[in-house]
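Listed below are the residues making up each chain.
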Amino acid sequence: MSKRLYIQEVATRDGFQIEPDFVPTADKIALIDRLSQTGLAKIEVTSFTSPKAIPNLRDAEEVMRGIRRVPGVEYTVLVPNVKGCERALACAVDEINLVMSASDTHGLANLRMTPEQSLAQFREIIEVTRGSGVFVNASLSTTFGCPFEGEVPEPRVYELVQRLLEIGVQGITLCDTTGMADPTQVERICREALSRWPDAVFTAHFHNTRGMGLANALAALNAGIDRFDASLGGLGGCPYAPGASGNICTEDLVHMFQRMGQATGVDLDQLLQCAASLPELVGHEVPGSVLKAGKADRRYPKPKWMQEAAV
């Protein structure tokens, strides 16, 4: 039997943050409650950032306090600073997710901070979490390449992972922010990270900008990664990363892993029902493939002439 894979949903934060229209609070809560019933390991509910910076997530407290938590599902939120962390802790979140970039230029464009400045701020945030029992994760953007600088040297990635772990981060997400990664690179970096830090909790986060998202997820799996971020319907993308279309699609990822015999713990039919509600919710079609084509075990009626010939 294959080991359990952990599928972590990010649509309600990573996806909704850049939608052209605000998704009503009650609709967000209803979707998260349905997602909680599908067997997902983790849901990134929202971001405790400034409402001016991301107006689509201005209802963070209401959403976090309004959802029905399901035992066994972890509820995480993005936290940009100490104030955001304090707001998140007041809502009793299970995990906070910090974000920094491996590249100076992307860090300045996205966060107005270099990696060094991000690390300094993380220390302050982690200090606020002490004694709370909350899990601290850090997402390392542009791990596999920067849209401004191009290649990010791999020793730089490993240096930042080491420094994050030293300041008290418990989990690290390796992020392909604009879909620049290739499977050979992914397998190499993920394998090296797992080898150097076997006790750390690593997650892979891919975008499908150039159509290689699932191939990269498979490469990460082959390297030993067992936690994967994905976005329902393939929603999402970074507003400060040119050309960054959506994250890999949750239902497509689950479908692929299940076809391979991998254990995800996810009820794919329930997940597809959630995905089917997205177009009406966000006001446009979504890029997911399995929702359109059906699962690979879908069967179609034979052509009419074949049916008649058989009679």
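Report follows, based on the coordinates. These numbers were taken from a predicted model, which means no experiment stands behind them.

**Quick notes on the overall build of the protein chain**
Argument step 1. Across its full length, the protein chain carries 14 helices and eight strands.
Argument step 2. Relative to the 2.2 N^0.38 estimate, which gives 19 Å for 311 residues, the radius of gyration of the protein chain is 20 Å and therefore close to what a compact globule would have.
Argument step 3. For the C-alpha atoms alone, the extent of the protein chain along its principal axes is close to 75 × 45 × 35 Å.
Argument step 4. Here the protein chain holds 311 residues, and 54% of them are scored as buried.
Argument step 5. Taking contacts inside the protein chain between residues at least 6 apart in sequence as the whole, the part at least 24 apart equals 75%.
Argument step 6. With the model as given, the accessible surface of the protein chain reaches about 13,500 Å², and the carbon-plus-sulfur share is 51%.

**Focus: the packing of aromatic side chains**
Argument step 1. In the structure shown here, the tally under the stated rule is three aromatic pairs.
Argument step 2. Here the aromatic rings of Tyr-158 and Trp-197 are separated by 6.5 Å at their centres, their planes lie at 45 degrees, and the arrangement is tilted. In this pair, Tyr-158 sits in helix α7 (residues 154–166) while Trp-197 sits in the loop between α8 (183–196) and β7 (201–206), placing the two residues 39 residues apart along the sequence.
Argument step 3. The class for Tyr-158 is buried, based on a relative accessible area of 7%.

**Section: the pairing of strand β6 (residues 171–176)**
A regular strand places its side chains on the two faces of the sheet in alternate fashion.
Argument step 1. For β6, the tally of buried residues reaches six of six residues, placing the bulk of the element in the interior.
Argument step 2. The side-chain alternation of β6 yields two buried faces, one formed by Gly-171, Thr-173 and Cys-175 and the other by Ile-172, Leu-174 and Asp-176.
Argument step 3. The pairing of β6 with β7 spans six bridges and is classified as parallel. Within the sheet, the bridge partner assigned to Ile-172 lies in β7 and is Phe-202.
Argument step 4. Taking the sense of rotation as the criterion, the β-α-β connection linking β6, α8 and β7 turns out right-handed.

**Section: the side chain of Glu-44**
Argument step 1. Among the secondary structure elements, Glu-44 is positioned in strand β2 (residues 42–47).
Argument step 2. Setting aside residues no more than four positions away along its own chain, Glu-44 makes contact with Glu-9, Val-10, Thr-12, Arg-13, Asp-14, Thr-76, Leu-78 and Asn-97.

**Considerations on the pairing of β7**
Argument step 1. Buried residues dominate β7, accounting for five of its six residues.
Argument step 2. Pairing analysis gives two bridges linking β7 to strand β8 (residues 227–230), with the strands arranged parallel. Bridged to His-205 within β8 is Asp-229.
Argument step 3. A crossover links β7 with its parallel partner β8, the connecting element being helix α9 (residues 213–223), and its sense is right-handed.

**What to know about the sheet that holds strand β3 (residues 74–78)**
Argument step 1. One closed barrel holds the eight strands; their spatial order is β1-β2-β3-β4-β5-β6-β7-β8, and the pairing between them is parallel. Within this sheet the neighbouring strands show an average axis-to-axis angle of 25 degrees, counted without direction.
Argument step 2. One ladder, built from seven bridges, connects strand β4 (residues 95–101) with strand β5 (residues 135–141); its direction is parallel. By the bridge assignment for β5, Met-100 is matched with Leu-140.
Argument step 3. Along the sheet, helix α5 (residues 104–111) contacts β4 and β5; its crossing angle with β4, the most-contacted strand, is approximately 125 degrees.

**Re the environment of Arg-87**
Argument step 1. The residue Arg-87 is located in helix α4 (residues 82–90) in this model.
Argument step 2. A relative accessible area of 19% means that Arg-87 is categorised as buried.
Argument step 3. Between the C-alpha atom of Arg-87 and that of Ala-60, which follows or precedes it by 27 residues, the distance is 9.1 Å.
Argument step 4. Ignoring sequence-local partners within four residues, the contact set of Arg-87 consists of Phe-48, Thr-49, Ala-60 and Glu-61.

**Considerations on the layout of surface pockets**
Argument step 1. Size it by volume and the largest pocket reaches roughly 1,000 Å³.
Argument step 2. Taken together, 48 residues form the lining of the largest pocket, with Ile-54, Leu-78, Val-99, Asn-110 and Leu-111 sitting closest to its centre.
Argument step 3. When the residues that make up the lining of the largest pocket are grouped by side-chain class, the tally is 18 nonpolar, 20 polar and 10 charged.
Argument step 4. Around the second largest pocket, the lining is made up of 12 residues, and of these Asn-208, Asn-247, Cys-249, Asp-252 and Pro-287 lie nearest the centre.
Argument step 5. Of the residues that constitute the lining of the second largest pocket, the class distribution is four nonpolar, seven polar and one charged.

Cut-offs applied
- Residues numbered from 1 in each chain as written.
- Predicted model: local features only at pLDDT ≥ 70, side-chain atom pairs only at ≥ 80, totals over all residues.
- Heavy atoms only, no water.
- Helix = DSSP H or I, 4+ residues; strand = E, 2+ residues; numbered from the N terminus.
- Rg over C-alpha atoms; globule rule 2.2 N^0.38 Å.
- Buried < 20%, exposed > 50% of the residue type's maximum accessible area, 1.4 Å probe, protein only.
- Contact = heavy atoms within 4.5 Å.
- Areas by Shrake-Rupley, 256 points an atom, 1.4 Å probe, with all protein chains shown as cover.
- Phe/Tyr/Trp six-rings, centres within 6.5 Å; stacked < 30°, edge-to-face > 60°.
- Pairing = 2+ DSSP bridges.
- Right-handed = clockwise from strand over helix to strand, strands pointing away.
- Axes fitted to C-alpha atoms, helices over the stretch in contact; angles between N-to-C directions.
- 1 Å grid on protein atoms, 1.4 Å probe; cavity = no way out; pocket = protein on both sides within 12 Å on 5 of 7 lines; lining within 4 Å.
- Points joined across faces, edges and corners; volume = space filled by probe spheres on them.
- Nonpolar A, V, L, I, M, F, W, Y, C, P; charged D, E, K, R; others polar.

Functional significance is not addressed by these values, which are geometric in nature.
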